Amino acid sequence: MSNILSLFQEIKKLESPKIIITTHHKPDADALGSSLGLYNFFMNAGIPSQVISPTDYGDFLNWMPGEESIINFEENKLMCEKLIEEADYIFCLDFNALSRINDMGGMLAKSKAKKVMIDHHLNPESFYDFEYWNCERSSTCELIYEVIQLWDGSLMNKDIAQCLYAGIMTDTGSFRFPSTRPLTHVVVSELLKFNIDHHSIHECIFDSSTESRIKFTGYVISQKLEVISEYHIALMSVTQDELTRYDVVTGDTEGLVNYGLSIKGIKLAVLFIDRKHLVKMSFRSKGDFPANEFASRYFKGGGHFHAAGGQSELTLEETIVKFKNALPEWAHLLK
Ligand code: 5GP
Ligand code: MN
């Protein structure tokens, strides 16, 4: 395994390197922002690359420069399989376990391409040839900024800055999570020098809901929120029928779990969503509760200390029972 420092020189020497950039399924602003930030960097260096998303993503990310060039794996499996097979380099951004890219994981493992992992989640799997990993960074976008500085900072531009700003802003909860460090603000201040319209970026991401999304959010909060005061937990669950009834589309449930955590005194907020073949869970915590450890122990998941996710093949009701049954063991961190 090599450090990433000399990688750009290596790529520049090649005639026409085939570069794929990919990220985790249902990408959020950090996943897509880091991918398109890197894509725009290569573009500025005169090196074409192709971003492949394992799935679709929310419309609130459509404004990102270069977004129109992204291929959705689920809609173009054969084409993506060929691209992955023939690639020289595959950049894996904002994830570090192949299960996070669904069926693409197996294809990626088989590909002869050199894999480059750039990520800020704990416990990376070792599937890569190059790495730039730091779980102390707020976001993968912050890491991409650092990588660009290491490679050739003169190639930074406004397009790259807009993409990276979006990911840093969302992964830090608009600069309020503990992962926001002095260095984060230094990077953001450098990005702002490219004259990016940070106000519009915030508006595109946070003030672009459909009416049905707001009504769905209101419904879940008013009808589906359960507070378990003994453990300082706020729990919400959504059935398949409710997803259909409110026309819920990709991206609509993003951030919903945070409402639970915004209740005074709550230490752990959980959102359960019944997605046909599996129940998807989001965990958000405050203080000493390790959301990622909990998610990985019971729900094949992971993530960060205060923000993690997982899944279950049980029914929604059984999953909630399993969750509640696990609580006594964690009482010392929740009570
Ligand atoms: P979210 O709740 O927004 O889906 O995810 C929160 C965090 O947990 C993100 O950093 C995401 O990458 C991580 N995460 C979500 N689901 C999973 C999962 O199933 N496995 C792992 N390892 N991480 C997850
Ligand atoms: Mn991230």
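Provided above is the structure to which this section pertains.
Note that this is a predicted model, so its numbers are computed, not measured.

A. Region of interest: the pattern of salt bridges. Within this structure, the stated rule accounts for 13 salt bridges. A salt bridge links Arg 297 to Glu 329; its shortest N-O distance comes to 2.1 Å. Of the two residues, Arg 297 is situated in helix α12 (residues 291–299) and Glu 329 in the loop between α13 (316–326) and α14 (331–334); the sequence distance between them amounts to 32 residues. Residue classification places Arg 297 among the partly exposed residues on the basis of a relative accessible area of 45%. Here Glu 313 and Lys 300 are joined by a salt bridge, their closest N and O atoms 3.2 Å apart. Of the two residues, Glu 313 is situated in the loop between β13 (307–312) and α13 and Lys 300 in the loop between α12 and β12 (302–303); the sequence distance between them amounts to 13 residues. Here Glu 313 matches Lys 300 in class, with each residue exposed.

B. Geometry of the pairing of strand β7 (residues 130–133). Burial along β7 is one-sided: the residues Phe 130 and Tyr 132 are buried and none of Glu 131 and Trp 133 is. Bridge count between strand β6 (residues 114–119) and β7: four bridges; the pairing is parallel. When the sheet's bridge partners are listed, Asp 119 is paired in β7 with Trp 133.

C. Local environment of the side chain of Lys 115. Take Lys 115: it is sitting in strand β6. An unpaired buried charge is present at Lys 115: no salt bridge exists, and Asp 129, the closest side chain of opposite charge, is 5.1 Å distant. In this structure the side chain of Lys 115 is engaged in a polar contact, spanning 2.7 Å, whose partner is the backbone oxygen of Ser 111. Of the polar contacts made by the side chain of Lys 115, one reaches the backbone oxygen of Ala 113; its length is 3.2 Å. Beyond its immediate chain neighbours, meaning those up to four positions away, Lys 115 contacts Ile 90, Leu 108, Ala 109, Phe 127, Tyr 128, Asp 129 and Phe 130.

D. Region of the structure containing the packing of helix α5 (residues 140–152) against helix α6 (residues 158–171). Between α5 and α6, the shortest axis-to-axis distance is 8 Å and the interhelical angle comes to 145 degrees. Across from Cys 141, Glu 142, Ile 144, Tyr 145 and Ile 148 in α5, the residues of α6 making contact are Ile 160, Cys 163, Leu 164, Gly 167 and Ile 168. Partitioning the contact of α5 with α6 into residue classes produces eight nonpolar, one polar and one charged.

E. Representation of the site of ligand 1 within the structure. Near ligand 1 you find 14 residues, and of these Arg 100, His 121, Lys 280, Ser 282 and Arg 284 are the closest. One nitrogen or oxygen atom from the side chain of Lys 280 is found 2.9 Å from a nitrogen atom belonging to ligand 1. The separation between an oxygen atom of ligand 1 and a polar side-chain atom of His 304 is 3.3 Å. When the free accessible area of ligand 1 is taken as 490 Å², the share hidden by the protein chains comes to 79%. Looking at the shell around ligand 1, the elements with two or more residues in it are β11 (278–285), β12 and β13. Considering only residue class, the shell around ligand 1 consists of two nonpolar, nine polar and three charged.

F. Fine view of a nonpolar patch on the surface. A cluster of nonpolar side chains, contributed by Ile 221, Leu 225, Val 227 and Tyr 259, occupies part of the molecular surface with about 320 Å² of accessible area. You can see Val 227 is positioned in strand β8 (residues 225–228). Classification of Val 227 by relative accessible area gives partly exposed; the value is 42%.

G. Representation of α6 within the structure. Compared with the 20 Å implied by 1.5 Å per residue over 14 residues, the 20 Å span of α6 between its first and last C-alpha is a close match. All buried positions along α6 are accounted for by Ile 160, Ala 161, Gln 162, Cys 163, Leu 164, Tyr 165, Ala 166, Gly 167, Ile 168, Met 169 and Asp 171. For α6, the secondary structure elements touched by its buried residues are α2 (29–44), α5, α7 (182–192) and α8 (198–206). The N-terminus of α6 is capped by Asn 157, whose side-chain oxygen sits 3.2 Å from the backbone nitrogen of Asp 159. Trailing α6 by a residue or two, Gly 173 shows a phi angle of about 60 degrees, which is positive.

Conventions and cut-offs
- Residues numbered from 1 in each chain as written.
- Chains lettered and ligands numbered in written order.
- Predicted model: local features only at pLDDT ≥ 70, side-chain atom pairs only at ≥ 80, totals over all residues.
- Heavy atoms only, no water.
- Salt bridge = Lys/Arg side-chain N within 4 Å of Asp/Glu carboxyl O.
- Helix = DSSP H or I, 4+ residues; strand = E, 2+ residues; numbered from the N terminus.
- Buried < 20%, exposed > 50% of the residue type's maximum accessible area, 1.4 Å probe, protein only.
- Pairing = 2+ DSSP bridges.
- Lys, Arg positive; Asp, Glu negative; His and termini not counted.
- Polar contact = N/O pair within 3.5 Å; in protein donor to acceptor, adjacent residues only side chain to side chain.
- Contact = heavy atoms within 4.5 Å.
- Axes fitted to C-alpha atoms, helices over the stretch in contact; angles between N-to-C directions.
- Nonpolar A, V, L, I, M, F, W, Y, C, P; charged D, E, K, R; others polar.
- Near = heavy atom within 4 Å.
- Areas by Shrake-Rupley, 256 points an atom, 1.4 Å probe, with all protein chains shown as cover.
- Patch = residues over 30% accessible without salt bridge, like charges linked within 9 Å, V, L, I, M, F, W, Y side chains within 5 Å.
- Expected span 1.5 Å × (residues − 1).

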